[in-house]
Amino acid sequence: MNKKIIIIPIAIIIGFVMMMSLDSSEEDDETVFHVTLAEPQLYQNGEYTETFEIKNGEYYFRFVPNGSSPEILSISLDGYSIEFSEDFKLENTLHETGISEYYTWKYLGENQIMILEDQQVKISINPNGNVMGSVSVSILQN
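I will try to describe carefully the structure that is included in this document. (Residues numbered from 1 in each chain as written. Predicted model: local features only at pLDDT ≥ 70, side-chain atom pairs only at ≥ 80, totals over all residues. Heavy atoms only, no water.)

Overview of the pairing of strand E4 (residues 72-79)
Using the following cut-off: Between any two strands, at least two bridges found by DSSP are needed for them to pair. Runs of H or I in DSSP of at least four residues are treated as helices and runs of E of at least two as strands, each being numbered from the N terminus.
Of the pairings in the sheet, the one linking E4 to strand E5 (residues 83-96) comprises 7 bridges and is antiparallel in character. Counterpart to serine 74 in the pairing with E5 is aspartate 87. Between E4 and E5, which follow one another and run antiparallel, lie 3 residues. Bridge analysis of E4 against strand E8 (residues 119-126) gives 6 bridges, and the strand direction is antiparallel. Residue pairing across strands places isoleucine 75 opposite isoleucine 125, the latter belonging to E8.

Focus: the packing of aromatic side chains
Heads up, the rule is: Side-chain rings of Phe, Tyr and Trp, where Trp is taken by its six-membered ring, are said to pair if the distance between their centres is within 6.5 Å; with planes under 30 degrees apart they count as stacked, over 60 as edge-to-face, and otherwise as tilted. Exposure classes here rest on a 1.4 Å probe applied to the protein chains alone. A residue is buried below 20% of its type maximum, exposed above 50%, and partly exposed in between.
Per the counting criterion, the structure on display carries 7 aromatic pairs. A centroid spacing of 5.5 Å and a plane angle of 65 degrees characterise the contact between phenylalanine 61 and phenylalanine 88, whose relative ring orientation is edge-to-face. Remark: phenylalanine 88 occurs in strand E5 and phenylalanine 61 occurs in strand E3 (residues 57-64); sequence separation between them is 27 residues. The exposure class assigned to phenylalanine 61 is buried, which follows from its relative accessible area of 2%. Judged by relative accessible area, which is 0%, phenylalanine 88 ranks as buried.

Some details on the environment of glycine 109
Threshold: The criterion used for residue contact is that any of the two residues' heavy atoms lie within 4.5 Å.
Assignment of secondary structure puts glycine 109 in the loop between strand E6 (101-108) and strand E7 (112-115). Taking relative accessible area as the criterion, glycine 109 reaches 39% and is therefore assigned partly exposed. Residues glycine 109 and phenylalanine 61, 48 residues apart in the sequence, show an inter-C-alpha distance of 9.8 Å. In contact with glycine 109, not counting residues within four places along its chain, are Glu86 and Phe88.

Right, here's the structure in full:
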């Protein structure tokens, strides 16, 4: 009986440590850009634009979409030594649990960016007409 008491707390501790290490890998990535587009007044002429500083390194996009997010989200980055453009396509996935059904959404497209030198970058985000659908866009450094 004493062995069971010791094994259960050790299993719980190991599980907790593993969950923390999985969650912390993304938390360690530095966010260099973030915007939540949810209101039409954020767009001028149908696009959201902003300028920010970025250092050399490897980066990736992270999105938080939902069912009303734009079906195609066109993003471009323009700087001294970077020209990036991608049309991200929204994909929904149906999940059936036996007692319920629900959807999750993600954007598909090339989301890795390599910046060769420190520079100022202009980001343009075009929701292709869907300025009412909300989406969060982040650029994180690996």
